[in-house]
2 protein chains.
Amino acid sequence: MKRLSTAEAAFEADFAALLAARGGIETSVTEPVRAIIAEIRARGDTALIDYTARFDRLALTAETLRIAPEEIEAEAAKVPPELLDALRLAATRIESFHRAQMPQDLHYTDDAGLTLGLRWTALDAVGLYVPGGKAAYPSSVLMNALPARVAGVGRIAMCVPCPDGVLNPLVLAAAKISGVTEIYRVGGAQAVAALAYGTTTIPPVDRIVGPGNAYVAEAKRQVFGHVGIDSIAGPSEVVIVADGRNEPRLVALDLLAQAEHDELAQAVLITPDASFAGQVVAAVARELETLPRAAIAGRSWADHGAVILVRDLDEAATLANRLASEHLEVLLDNAEAFAARIRHAGAIFIGRWCPEAVGDYVGGPNHVLPTSRTARFASGLSVFDFLKRTTSIATGPDGLRRVGPAGVALAEAEGLNAHAMSIAARLALLNERSV
Amino acid sequence: MKRLSTAEAAFEADFAALLAARGGIETSVTEPVRAIIAEIRARGDTALIDYTARFDRLALTAETLRIAPEEIEAEAAKVPPELLDALRLAATRIESFHRAQMPQDLHYTDDAGLTLGLRWTALDAVGLYVPGGKAAYPSSVLMNALPARVAGVGRIAMCVPCPDGVLNPLVLAAAKISGVTEIYRVGGAQAVAALAYGTTTIPPVDRIVGPGNAYVAEAKRQVFGHVGIDSIAGPSEVVIVADGRNEPRLVALDLLAQAEHDELAQAVLITPDASFAGQVVAAVARELETLPRAAIAGRSWADHGAVILVRDLDEAATLANRLASEHLEVLLDNAEAFAARIRHAGAIFIGRWCPEAVGDYVGGPNHVLPTSRTARFASGLSVFDFLKRTTSIATGPDGLRRVGPAGVALAEAEGLNAHAMSIAARLALLNERSV
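Every value quoted in this text rests on a predicted model; they were computed, and no experiment measured them.

## A short note on the overall build of chain A
Thought 1: Across its full length, chain A holds 16 helices and 14 strands.
Thought 2: Projected onto the principal axes, the alpha-carbon positions of chain A cover approximately 90 × 60 × 45 Å.
Thought 3: When each of the 435 residues of chain A is scored for burial, the buried share is 61%.
Thought 4: Split by element, the accessible area of chain A, about 15,900 Å² in all, is 54% carbon and sulfur.
Thought 5: A gap of 3 Å separates the mean positions of the 40 positive and 51 negative side-chain charges of chain A.

## A short note on the UniProt feature "active site" (unreviewed entry) in chain A
Residue and element names in this part refer to chain A.
Thought 1: Mapped onto the present numbering, the UniProt feature "active site" (unreviewed entry) falls at Glu326 and His327.
Thought 2: Of the residues examined, Glu326 reaches a relative accessible area of 5% and is grouped as buried.
Thought 3: Setting aside residues no more than four positions away along its own chain, Glu326 makes contact with Pro235, Ser236, Glu237, Gln258, Gly346, Ala347, His367, Leu369, Pro370 and Thr371.
Thought 4: For Glu326, the side chain forms a polar contact with the main-chain nitrogen of Glu237, separated by 2.9 Å.
Thought 5: Here His327 lies in strand E12 (residues 327–331).

## Some points on the sheet that holds strand E4 (residues 125–129) of chain A
All names here are of chain A.
Thought 1: Spatial ordering of the open sheet is given by E6-E5-E4-E7-E8, a layout of five strands whose pairing is parallel. Only two strands of the sheet have a single neighbouring strand rather than two, namely strand E6 (182–184) and strand E8 (228–229).
Thought 2: Pairing of E4 with strand E5 (residues 155–159), which is carried by five bridges, proceeds in the parallel orientation. Bridging from a neighbouring strand, Ala125 pairs with Arg155 of E5.
Thought 3: Sheet strands touched by helix H7 (residues 188–197): E4, E5 and strand E7 (207–209). Its angle to E4, the strand with the most contacts, is close to 175°.

## Some details on helix H16 (residues 417–434) of chain A
Thought 1: Along its 18 residues, H16(A) runs 25 Å from first to last C-alpha, staying within 8% of the 26 Å computed at 1.5 Å per residue.
Thought 2: Buried positions along H16(A) lie against helix H15 (397–413) of chain A together with helix H9 (248–259), strand E12 (327–331) and helix H14 (356–361) of chain B.

## Considerations on the nonpolar core
Thought 1: Ranked by size, the top nonpolar core spans 227 residues in total, and within it Met158(A), Ile183(A), Leu87(B), Leu142(B), Met158(B) and Ile183(B) carry the most contacts.
Thought 2: Setting aside chain neighbours within four positions, we find Met158(B) in contact with Leu128(B), Val130(B), Val141(B), Val171(B), Ala175(B), Val180(B), Glu182(B), Ile183(B) and Tyr184(B).

## What to know about the interface of chain B and chain A
Thought 1: Listed by partner, the interface residues are 117 residues for chain B and 118 residues for chain A.
Thought 2: In total, about 9,900 Å² of surface goes out of reach between chain B and chain A, with carbon and sulfur atoms giving 62% of it.
Thought 3: Its largest share of buried area at the contact with chain A, chain B owes to Trp353(B), Phe377(B) and Arg426(B), together 9% of the area lost on that side.
Thought 4: Connecting chain B to chain A are eight salt bridges.
Thought 5: Asp110(B) is the salt-bridge partner of Arg93(A), the closest N and O atoms lying 2.7 Å from each other.
Thought 6: There are 58 residue pairs in polar contact (both at pLDDT 80 or more) connecting chain B and chain A.
Thought 7: Tallying contributions element by element places helix H16 (residues 417–434) of chain B first for the side of chain B that touches chain A, with 11 residues.

## Section: the domain arrangement of chain A
Thought 1: Structurally, chain A comprises domain 1 (2–23 + 234–363), domain 2 (30–103 + 121–229) and domain 3 (395–434).
Thought 2: Centre-to-centre separation of domain 2 of chain A and domain 3 of chain A, based on C-alpha positions: 50 Å.

## Some details on the pattern of salt bridges
Thought 1: One pass over the structure, following the stated rule, counts 54 salt bridges over all chains.
Thought 2: Here Arg341(B) makes a salt bridge to Asp314(B), at a shortest N to O gap of 2.6 Å. With Arg341(B) in the loop between helix H13 (335–339) and strand E13 (347–350) and Asp314(B) in helix H12 (residues 313–323), the pair connects residues that are 27 residues apart, well separated along the chain.
Thought 3: Relative accessible area serves as the criterion here: at 45%, Asp314(B) is assigned to the partly exposed category.
Thought 4: Residues joined by salt bridges that share partners form a network here, namely Asp243(A), Arg245(A), Asp333(A) and Arg352(A).

## Describing the packing of H15(A) against H16(A)
All names here are of chain A.
Thought 1: Close contact between H15 and H16 brings their axes to 9 Å; oriented N to C, the two are set at 145°. Every pair of crossing elements has a handedness; the one defined by H15 and H16 is left-handed. Together, Pro397, Leu400, Arg401, Gly404, Pro405, Gly407, Val408, Ala411 and Glu412 of H15 and His419, Ala420, Ile423, Ala424, Arg426, Leu427 and Leu430 of H16 make up the contact between the two elements.
Thought 2: Considering only residue class, the contact of H15 with H16 consists of 10 nonpolar, three polar and three charged.

## Overview of the sheet that holds strand E9 (residues 237–242) of chain B
Thought 1: Read across the sheet, nine strands follow the order E2(A)-E3(A)-E14(A)-E13(B)-E12(B)-E9(B)-E10(B)-E11(B)-E1(B) without closing on themselves; strand pairing throughout is mixed. At either end of the open sheet lies a strand with only one pairing partner, and these are strand E2 (106–109) of chain A together with strand E1 (2–5) of chain B. Adjacent strand axes in the sheet meet at a mean angle of 15°, parallel and antiparallel pairs treated alike.
Thought 2: Of the pairings in the sheet, the one linking E1(B) to strand E11 (residues 306–309) of chain B comprises four bridges and is parallel in character. Residue pairing across strands places Lys2(B) opposite Ala306(B), the latter belonging to E11(B).

## Section: the packing of aromatic side chains
Thought 1: Inspection of the entire model under this criterion finds 11 aromatic pairs over all chains.
Thought 2: Summarising the aromatic geometry, the rings of Tyr51(A) and Phe55(A) are spaced 5.8 Å apart at their centres and angled 10° between planes, so their arrangement reads as stacked. Linking Tyr51(A) with Phe55(A), this pair stays in helix H2 (residues 30–56), spanning four residues, or about one helical turn.
Thought 3: Taking 5.4 Å as the distance between ring centres and 25° as the angle between the ring planes, the aromatic pair formed by Phe11(B) and Phe15(B) counts as stacked. Of this pair, Phe11(B) and Phe15(B) both sit in helix H1 (residues 11–20), four residues apart, which is roughly one turn of the helix.
Thought 4: On the accessibility criterion, Phe11(B) (6% relative accessible area) is buried.
Thought 5: Here Phe15(B) falls in the buried class, since its relative accessible area comes to 0%.
Thought 6: A connected cluster of aromatic rings, assembled from ring pairs, spans Trp120(A), Phe384(A), Trp120(B) and Phe384(B).

## Describing the relation of the copies chain B and chain A
Thought 1: With an axial shift of 0.0 Å and an RMSD of 0.0 Å, the rotation relating chain B to chain A amounts to 180°. Considering both components of the superposition, the chain copies are consistent with a two-fold axis. The rotation axis passes nearest to the C-alpha of Pro103(B) in chain B, at a distance of 3.8 Å.
Thought 2: Most of the interface of chain B is mirrored in chain A, where 100% of its interface residues are also at the interface.

## Section: helix H3 (residues 69–76) of chain A
Residues and elements named next belong to chain A.
Thought 1: Within the sequence span of H3, burial applies to Ile72, Glu75 and Ala76. Relative to the axis of H3, the buried residues are bounded by an arc of 95° and lie together on one face.
Thought 2: Buried residues in H3 make contact with helix H6 (169–177) and E6.

## A short note on the layout of surface pockets
Thought 1: Looking at the second largest pocket, its volume works out to about 320 Å³.
Thought 2: Elements with a contribution of two residues or more to the lining of the second largest pocket: helix H4 (81–101) and strand E3 (115–122) of chain A together with strand E3 (115–122) of chain B.
Thought 3: Its residues assigned to classes, the lining of the second largest pocket comprises 14 nonpolar, four polar and one charged.

## Remarks on the pairing of E4(A)
Across a regular strand the side chains alternate sides, sitting on one face of the sheet and then on the other.
Residues and elements named next belong to chain A.
Thought 1: Counting buried positions along E4 gives five out of five residues, so the element sits mostly inside the fold.
Thought 2: Residues Ala125, Gly127 and Tyr129 point to one face of E4 and Val126 and Leu128 to the other, with burial holding for every one of them.
Thought 3: Bridge count for E4 against E7 is three bridges, and the pairing is parallel. Note that in E7 the partner of Gly127 across the bridge is Ile208.

## Points about unusual backbone geometry
Residue and element names in this part refer to chain A.
Thought 1: One non-glycine residue with positive phi stands out, namely Ala324, at about 45°.
Thought 2: Considering the arrangement of structural elements, one finds Ala324 in the loop between helix H12 (313–323) and E12.
Thought 3: Even without being a glycine, Asn334 presents a positive backbone phi close to 50°.
Thought 4: Tracing the chain through its elements places Asn334 in the loop between E12 and helix H13 (335–339).

## Quick notes on the environment of Ala418(A)
Thought 1: Among the secondary structure elements, Ala418(A) is positioned in helix H16.
Thought 2: When the C-alpha positions of Ala418(A) and Tyr184(A) are compared, they lie 50 Å apart, and in sequence the two are 234 residues distant.
Thought 3: The residues contacting Ala418(A), other than those within four sequence positions of it, are Leu253(B), Leu256(B), Ala257(B), Glu260(B) and Leu291(B).

Cut-offs applied
Residues numbered from 1 in each chain as written. Chains lettered and ligands numbered in written order. Predicted model: local features only at pLDDT ≥ 70, side-chain atom pairs only at ≥ 80, totals over all residues. Heavy atoms only, no water. Helix = DSSP H or I, 4+ residues; strand = E, 2+ residues; numbered from the N terminus. Buried < 20%, exposed > 50% of the residue type's maximum accessible area, 1.4 Å probe, protein only. Areas by Shrake-Rupley, 256 points an atom, 1.4 Å probe, with all protein chains shown as cover. Lys, Arg positive; Asp, Glu negative; His and termini not counted. Charge placed at Lys NZ, Arg CZ, Asp CG, Glu CD. UniProt positions renumbered as here; feature names shortened; annotations may be inferred. Contact = heavy atoms within 4.5 Å. Polar contact = N/O pair within 3.5 Å; in protein donor to acceptor, adjacent residues only side chain to side chain. Pairing = 2+ DSSP bridges. Axes fitted to C-alpha atoms, helices over the stretch in contact; angles between N-to-C directions. Expected span 1.5 Å × (residues − 1). Core = buried A, V, L, I, M, F, W, Y, C linked by side-chain atoms within 4.5 Å. Buried area = accessible area lost by both parts, 1.4 Å probe. Salt bridge = Lys/Arg side-chain N within 4 Å of Asp/Glu carboxyl O. Domains from an automatic or database assignment. Left-handed = near helix turned anticlockwise from the far one by under 90°. Nonpolar A, V, L, I, M, F, W, Y, C, P; charged D, E, K, R; others polar. Phe/Tyr/Trp six-rings, centres within 6.5 Å; stacked < 30°, edge-to-face > 60°. Least-squares fit on C-alpha atoms with pLDDT ≥ 70 in both. Arc of directions from axis to C-beta. 1 Å grid on protein atoms, 1.4 Å probe; cavity = no way out; pocket = protein on both sides within 12 Å on 5 of 7 lines; lining within 4 Å. Points joined across faces, edges and corners; volume = space filled by probe spheres on them.

Quick look at the structure:
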């Protein structure tokens, strides 16, 4: 864990090093992924079945690639009722917040007489990748599928690897609750390729979302352009701005909740109170003695954790904006006022009773958020990821007379004569007729 | 030019071939671009000056990389007044349509007592790439810069290559009108790298937009993730749905307006009237005899043009949706009703008096649009490209009591104990206090 202080001369250099350390992750799986995609495009289901046998030790046929509705029902029935209730509460809240995001169409006639429009329509079909094994999180299914359903997407096709054939009841229950329309028990780059290009069994989709390992991320990169993809997520991050009036153990748990995700995750405390900072660091060490995921969380805290001592909350706001963190907790009096000064963050958690974990599950806003300082230009997952815009221009003779001549002048200046003539010939026809 | 008819048995195969032909463009400039980006990151301005000397035959210094305000003024003053007026009309209309797009923030307290927010903020800084030479279109400057200005972006940094030092007055005038804040006379992958990573003279930006050649496109791909980019545009396309009540020459000019962009451009006519189709094809041939850009337009029409004969307008709507074209012209009676049935198109031009060229210059909606069938999932440039969302959750003890237990249950089910504890420890504290 690094300790920085804005009062020290070395601060700018230390802080710059902290920022630079969150750069892009290089992968060296380009070629194997290229080969897998080519195989799926060439041999479809057959290749998909071959890869699944090899990587997941699971023998499938074209008939069993898709998990049957009865199988989904049977697995979902294994989930304890209190967990199903928790999933349903989360789903209701996520759905409600995303419904509130739905944008309005535009359609108006302006003073030149042109009728301009902007219409939002849903994608026809999306693919949702869900990692298998330990990283198969039902909350991720809700967070990826529900915005698509709220947006109005007709087909939501999910792929989840099932090594050795083992199904995850909670993931299947989450898929059912979220309106996923079909589930395939395949994973890896081969699943991404199947979703992008289609096979006999899996019709192609228009956009692929959801987290995955390096192969999945590289496959999404390679199919991008043919279909849409979401952003490639880096390691998770939290910045916590806290004053000395917080319970140190609670802040330590919030830091560790981020650190336990991944050894590369980053948890940063910014505080004006040096004594409090020391208490939090001590509390982190104490919690690490008993935390089940202490190996991961400890590594993350040691390698990527940081405590930044600031002289005042103005400095804290400036640094939070420069860090442009995925998650920002504001554990202060007047937390709302502080949050209003933040321009760059994926999501903000406001107040001492609002740990980030609330947002991971039951807050309502999406937990798929921009990492690695990309909150400077990127946003969390939302209904906008499943909608696209079509603009329109309608005009009769009057509108064309008003704006056409300027169009002709600009087209000629750009040397695009057919452009100019397509307008000018209509204006000439109007002139003839009005003579 | 291909002729297809839905009445023929071969139609589905022919149409599938037409769709497949618009696949991605492969480039082989990955390695040279990687080298250029590495050089710019290592040597900054010095490398930028070296590349500009080599590629653009232009000797620059750190002082002359940026075009001085007086130079911009002097060049813009060379533009004829009627062209300046045309640019200003276009700018006013583009600005007005994009202002109408600006989204609303969300901020509400729900029935569980949590206050949820979604706040749109502008990017701090964007880079606008403008190609040099013949493809330096002032209309593109307006279409890329104005949405950024409307969104509230503070810095709009433009790079334009100036081979042999030649400046383009109309491009500089368009930049001035659109609120571009700084202009650098550099281009190619080196300009993209400088915008992404910054040099001593060019501060880094958060997102890079604008068209460019294969080197520029590849450079944008490579810096993606570190900064945002717009989509990589393929060749331009139009689909024109027209009945026999149109003037054949006007439709021919509309087809050629698309074809003259690029030998890879595609112009497609869909009509239920075989005789009219023949008249349009003849008119295209006639116009090609005198069109200044006949070499390009003729090649495009021969290689990529198509005329599709349909039995009725229902078929036309279905095919238009399958083509998911960048531009769609609807030259029909009841054109509005037909347009309402289109789910996939970048932009629609409605009515016999609304050629696509109106939208290239003075319509108001953006002319930077999704190509190569990506309108299935992508949208044209807009204020949304220059805004990002930060969500927020605020809660006090009551809200946490309502949603916290479900969060604890889900976190435990996912094996993320510190997540569960960060909520559970707060709930325990509340219980103690209320005893």
